[in-house]
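Structure at a glance
Read off the chains here:
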Amino acid sequence: AATPSDAPTIFDKIINKEIPSIVVYEDDKVLAFRDIAPQAPVHVLIIPKIRDGLTGLSKAEGRHCEILGRLLYTAKLIAKQEGLDEGFRIVINDGPKGCQSVYHLHVHLLGGRQLNWPPG
Ligand code: 5GP
């Protein structure tokens, strides 16, 4: 896992289309694209287009409540779009012990197979 940092991340390049990604949803505030190393048949990352200090969920402040809600609502829309009618999982890794590797807040949407709990 990477060290927590405020430095720009690879997700800025994805947002700016400087490196390619498979986008499954986009609006003015949110971008969602397929994870490059999928852990399930459906594995989508949902991110705010503007990080605004949200290197991770642990850095959230009151001003972030709207975008946090939007990220979760977008996850629901994409789950429907991807046909995950029998269920899915949302994950937010935070910090080194949470296995966070990219310090731009992102919601993982996982589905398309039976998910077990706890993930290990
Ligand atoms: P984290 O471990 O920080 O919760 O999740 C970061 C995720 O970003 C990982 O699942 C990793 O596979 C994904 N990822 C890292 N670099 C890229 C990239 O360049 N493109 C895409 N689509 N996903 C990436």
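Scroll up a little and you will see the structure.
What counts, and at which threshold
- Residues numbered from 1 in each chain as written.
- Predicted model: local features only at pLDDT ≥ 70, side-chain atom pairs only at ≥ 80, totals over all residues.
- Heavy atoms only, no water.
- Buried < 20%, exposed > 50% of the residue type's maximum accessible area, 1.4 Å probe, protein only.
- Helix = DSSP H or I, 4+ residues; strand = E, 2+ residues; numbered from the N terminus.
- Pairing = 2+ DSSP bridges.
- 1 Å grid on protein atoms, 1.4 Å probe; cavity = no way out; pocket = protein on both sides within 12 Å on 5 of 7 lines; lining within 4 Å.
- Points joined across faces, edges and corners; volume = space filled by probe spheres on them.
- Nonpolar A, V, L, I, M, F, W, Y, C, P; charged D, E, K, R; others polar.
- Near = heavy atom within 4 Å.
- Polar contact = N/O pair within 3.5 Å; in protein donor to acceptor, adjacent residues only side chain to side chain.
- Areas by Shrake-Rupley, 256 points an atom, 1.4 Å probe, with all protein chains shown as cover.
- Sits in = over half its atoms within 2 Å of the grid points.

Section: the pairing of strand β3 (residues 42-48)
By the criterion of burial, β3 is predominantly enclosed, with 7 of the 7 residues buried. As paired elements, strand β2 (residues 30-34) and β3 share 5 bridges and run antiparallel to each other. When the bridges of β3 are listed, Val30 appears paired with Pro48. As paired elements, β3 and strand β5 (residues 107-111) share 5 bridges and run antiparallel to each other. Looking across to β5, one finds that His43 is bridged to Leu110.

Structural notes on the layout of surface pockets
By volume, the largest pocket amounts to about 800 Å³. Lining the largest pocket we find 31 residues, and of these Asp35, Gln39, His43, Leu45 and His108 sit closest to its centre. Listed by contribution, the elements that provide at least two residues to the lining of the largest pocket are α1 (10-15), β2, β3, β4 (88-91) and β5. Split by residue class, the lining of the largest pocket holds 17 nonpolar, 10 polar and 4 charged. Quantified by volume, the second largest pocket comes out at close to 200 Å³. Along the wall of the second largest pocket there are 13 residues; nearest its centre are Lys29, Pro48, Ile50, Asp52 and Ile67. A total of 3 residues in the lining of the second largest pocket trace back to one element, the largest contributor, which is helix α2 (residues 65-81). Residue classes in the lining of the second largest pocket are distributed as 4 nonpolar, 1 polar and 8 charged.

Examining the site of the ligand
Near the ligand lie 17 residues; those nearest to it are Arg34, Asp35, Asn93, Ser101 and His108. Between the ligand and Arg34 there is a distance of 2.9 Å, counted from a nitrogen atom to a backbone nitrogen or oxygen. Contact between the ligand and Ile36: a nitrogen atom at 3.3 Å from a main-chain N or O atom of the residue. In the complex, the protein chains occlude 83% of the 520 Å² of accessible area that the ligand would expose alone. At a threshold of 2 Å from the grid points, most atoms of the ligand map onto the largest pocket.

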